[in-house]
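# Architecture and fold: a report
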Amino acid sequence: MAKETRNIERSAPAEVQTPKRDGASLPVLPVRDTVLFPHAVLPLTVGRDSSVQLINSLGEEKQIIVVAQQDARIDSPVPTDLYQIGTLAVVHKVVKMPNQSLFVFTEGTERVRIKNYDQLTPYMRAEAETLPEPPSEKTPEIEALQRNVLTLFQQIVTGSPTLSDELQTVAMNIDEPGRLVDFIASSLPSLATRDKQELLETTDIRIRLERINRHLAKEIEVQQLRNKIQTEVQDQVQQSQRDYYLREQMKAIQKELGEQDESSRDVEELRKKIEAAGMPEDVKKEALKELSRLSRMSPAAGDYSITRNYIEWLAVLPWAKSSGGEVDIVKAKEILDEDHYDLQKVKDRILDYLSVRRLKPSMKGPILCFVGPPGVGKTSLGRSIARSLGRKFARLSLGGVHDEAEIRGHRRTYIGALPGQILQGIRRAETNDPVFMLDEVDKLGRDFRGDPASALLETLDPEQNFSFRDNYLDVPFDLSKVLFICTANMLDPIPEPLRDRMEIIELQGYSEEEKQHIAFRYLIPRQIEENGLTAEQIEFPEDSVRYLIRHYTREAGVRNLERTIGTVCRKQARRIAEGKKDKLVVTHEIVHEFLGGVKVRVDTEVAERTKRAGVAVGLAWTPAGGDILFIEANKMQGKGGFTMTGQIGQVMQESMQAALTWVRSNAKDLGIDEEFFRNHDLHIHVPAGAIPKDGPSAGVTMATTLVSLLTDRSVRPYTAMTGEITLSGNVLPVGGIKEKVLAAKRAGVHDVILPAENRQNVEEDLDKDQLAGVTIHYVNSIDEALAIALPHSPAEEKQDAAERERVLTTAE
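Described in the following lines is the structure provided in the data block. None of the values given here were measured: they were computed from a predicted structure.

## Quick look at helix α5 (residues 193-201)
Of all the positions in α5, only T193, K196, Q197, L199 and L200 are classed as buried. In a view along the axis of α5, the buried residues occupy a sector of 160 degrees, so they form one face of it.

Spelled out as structure tokens, the structure:
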């Protein structure tokens, strides 16, 4: 490999004679990243084998052609890799180096153009013709350019720490403009090889002066910018050193005066907080260790604020501060009854916990989970429990949380790191035993950042949470005294390990009578107050409230009912603002005027839909509570096909198949022609097709629908049913009984058919008031259900038709 290095550049001495070699063959020396100009001396390091052989073969004349490579990365160049214009040069001295390379001093004499190569190995030789220097005419333009170039070059040499001042003197002594350009181009280390070659190939003096002038102007601009940057950096360094010296002097002065600087005051304040926090010994040891590290830091250090925040978090947590004292069981019961109507199971569980805690103050807090439809009071119940216990209340909404660090915090190495929401809630509560509500635990997310539900496993386990470690603090904190209460609308999305750690308490929906009680005790007074009214300005009679509940809301909770009452109150507030001061008694007509027409026709819907044969009323459980479900069937001429529609799931489709199989196998007993199924198609549809439906509990309803259709008998009015069926005709128990019965009652159903094995659920979950007006029929087989649901004689059919007509006529 050959590498050429330029160390010295000067103008050639005047006495050097250049032999004329036009047309003669001369050795060609390729060089990298270097251009030799006429009248310049250039030391070259020659290392390539071909180049070494070239130098060693020179005779007394020692003339060569120096040509630059177009691409410096090529080790063995060929003629096409070289520029056509080079410089005729004389080799003055050759020095052998220890690494077998040669150090060659060459002097350029004139520009030459290579015509053709007559030898390529072991080194290249070529014929060249001289490019004569054009005569220099001292026109005003050339003189002005020459002076400008000289001035710019002097400025560059003056401002550059690497260029010798002697270059200015040499340049000033050169009168010929072409030679001046060559000298300046060979002296500028920042000039690129391509630009130098361009100057070498330019013979016109004026063009050469203009080009070097542009390069010098650019170099001046770069130099000024570099000097500006260097000055700014030096100023910043000097300012930092000045600040450091002043700070050190201030410390020395404060020390002499017996005063403390701000950093020392911070350290002392934090030390007092740590001593007063009541930390466990191992935590206190860690806090003091970090405090000692902080005291040795400069406030300007990057880690100072991070370490200070960490110590502050340790110091402000309520390690030993409790709010729970002696609890009065009777008073706690009064508070729970005052805030919430009914919910007896939940209240009993809380009072049981208080009673045990009174006997054993050191007991661990239970992990409760309230499951129920929206609007039944799960979240507000948490506040009421905190009030009855005399504890602080903290709440964390988990809906949409999908980062594990939200629960356990980030590690301190991250910018802006903080403890997780659990310890942040504890800090806001300022006690170590608050009532901590984890709202919407069934809506936790999960993605590549971790699984928050798994992070909750330690938090909600009484056997582990006495030493809960947050990622940020990395010290154990005792959560065993905290009363955790979770809320959810449904249990299915909650992972099994997390569900196993919680005590599930179900909150069912409210009946119409319970909603009426809640409206008069809580909702109406609250909405009257929130809308700026008084009890003397508006009155809700019982009949009107019942009308609102029945015809303007269909829900398990009371949220929509409260909104509806609020709308009526706002309308009255507007009447008063318009100058109508009289008291408003809310009648049916006022409700129609303020809220529009009836939204839910519960009295007539069931009677109207079941007029024709082949329609039955089922009962369904939803996360929002129970609801009624219509199932319709129809028949047509065909070849025994069976169609199922209504966006139903796999389990529900299988229930339909089972119902059809039972009907076909019992066709003779039911009075159905067995040949009917060969010549007809059947279609079962579950309306509200946009809503997905699934589950086995509509099996009885489907069988009743099919029998009603095929025997042409309408199902009795105001009859609803639920239960899973088997192929042998048995009726199996189902879940969600309370929600389903309450939904049936809301829809105006009088007779409910349930599996016999669900009798215990009715007796435990429903009281007499909730069952008022509803007759429960318990069945073990489909035959028993059909006997209740379908009329047995034309007289009964006529009686059912008359009842339907009466209801529909009254509604109109």
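Read on for the rest.
## Observations regarding the packing of aromatic side chains
Scanning the model with the defined rule gives seven aromatic pairs in all. With centroids separated by 6.3 Å and ring planes inclined at 75 degrees, the aromatic side chains of F153 and F183 adopt a geometry described as edge-to-face. Remark: F183 occurs in helix α4 (residues 177-187) and F153 occurs in helix α2 (residues 140-159); sequence separation between them is 30 residues. Across this residue pair, the class does not change: F153 and F183 are buried. Taking the ring centre of W313 as reference, the NZ or CZ of R427 above it sits at 4.4 Å.

## Focus: the sheet that holds strand β12 (residues 483-488)
Strand order in this open sheet of five strands is β8-β9-β12-β7-β13, and the pairing throughout is parallel. Every interior strand has two partners, whereas the edge strands, β8 (393-397) and β13 (503-506), have only one. Strand-to-strand twist of the sheet, defined as the mean angle between neighbouring strand axes without regard to direction, takes the value 20 degrees. Sheet topology places strand β7 (residues 367-371) next to β13; four bridges connect them, and they run parallel. Note that in β13 the partner of V371 across the bridge is E506. Helix α14 (residues 421-429) rests against β8 and β9 (435-439) of the sheet, and its axis sits at about 140 degrees to β9.

## Quick look at the packing of helix α18 (residues 542-552) against helix α19 (residues 559-577)
Two elements in contact, α18 and α19, have axes separated by 10 Å at closest approach and are oriented at 125 degrees. Regarding the angle of α18 to α19, the classification is oblique. Crossing of α18 over α19 shows right-handed handedness. Of the residues in α19, those in contact with L548, I549 and Y552 of α18 are L561, T564 and I565. Among the residues making up the contact of α18 with α19, the classes are represented as five nonpolar, one polar and no charged.

## Points about the pattern of salt bridges
A complete count under the given rule lists 34 salt bridges for this structure. Here R32 and D75 are joined by a salt bridge, their closest N and O atoms 3.0 Å apart. Of this pair, R32 sits in the loop between β1 (25-31) and β2 (41-46) while D75 is found in the loop between β3 (63-68) and β4 (85-96), placing the two residues 43 residues apart along the sequence. Its relative accessible area of 9% is what places R32 among the buried residues.

## As for the environment of Q770
Locating Q770 in the fold gives a position in helix α28 (residues 768-771). Judged by its relative accessible area of 2%, Q770 is buried. C-alpha separation for the pair Q770 and E542, spaced 228 residues apart in sequence, amounts to 18 Å. Once residues lying within four places of it in the same chain are set aside, the contact partners of Q770 are D342, S511, E514, K738, L742, K745 and D765.

## What about unusual backbone geometry?
Cis rather than trans, the peptide bond between T121 and P122 has omega equal to -5 degrees. Its location among the elements puts P122 in the loop between β5 (102-119) and β6 (125-130). The phi torsion at E430 lies on the positive side, around 65 degrees, for a residue other than glycine. Examined against the element boundaries, E430 turns out to sit in the loop between α14 and β9. For D712, which is not glycine, the phi torsion reads 60 degrees and is therefore positive. Checked against the element boundaries, D712 lands in the loop between α25 (699-711) and β20 (719-721).

Definitions and limits used
- Residues numbered from 1 in each chain as written.
- Predicted model: local features only at pLDDT ≥ 70, side-chain atom pairs only at ≥ 80, totals over all residues.
- Heavy atoms only, no water.
- Buried < 20%, exposed > 50% of the residue type's maximum accessible area, 1.4 Å probe, protein only.
- Helix = DSSP H or I, 4+ residues; strand = E, 2+ residues; numbered from the N terminus.
- Arc of directions from axis to C-beta.
- Phe/Tyr/Trp six-rings, centres within 6.5 Å; stacked < 30°, edge-to-face > 60°.
- Lys NZ or Arg CZ within 6 Å of the ring centre and 35° of its normal.
- Pairing = 2+ DSSP bridges.
- Axes fitted to C-alpha atoms, helices over the stretch in contact; angles between N-to-C directions.
- Contact = heavy atoms within 4.5 Å.
- Parallel < 35°, antiparallel > 145°, perpendicular 65-115°, else oblique.
- Left-handed = near helix turned anticlockwise from the far one by under 90°.
- Nonpolar A, V, L, I, M, F, W, Y, C, P; charged D, E, K, R; others polar.
- Salt bridge = Lys/Arg side-chain N within 4 Å of Asp/Glu carboxyl O.

Honestly, that's just the spatial picture; any functional story needs more than this.
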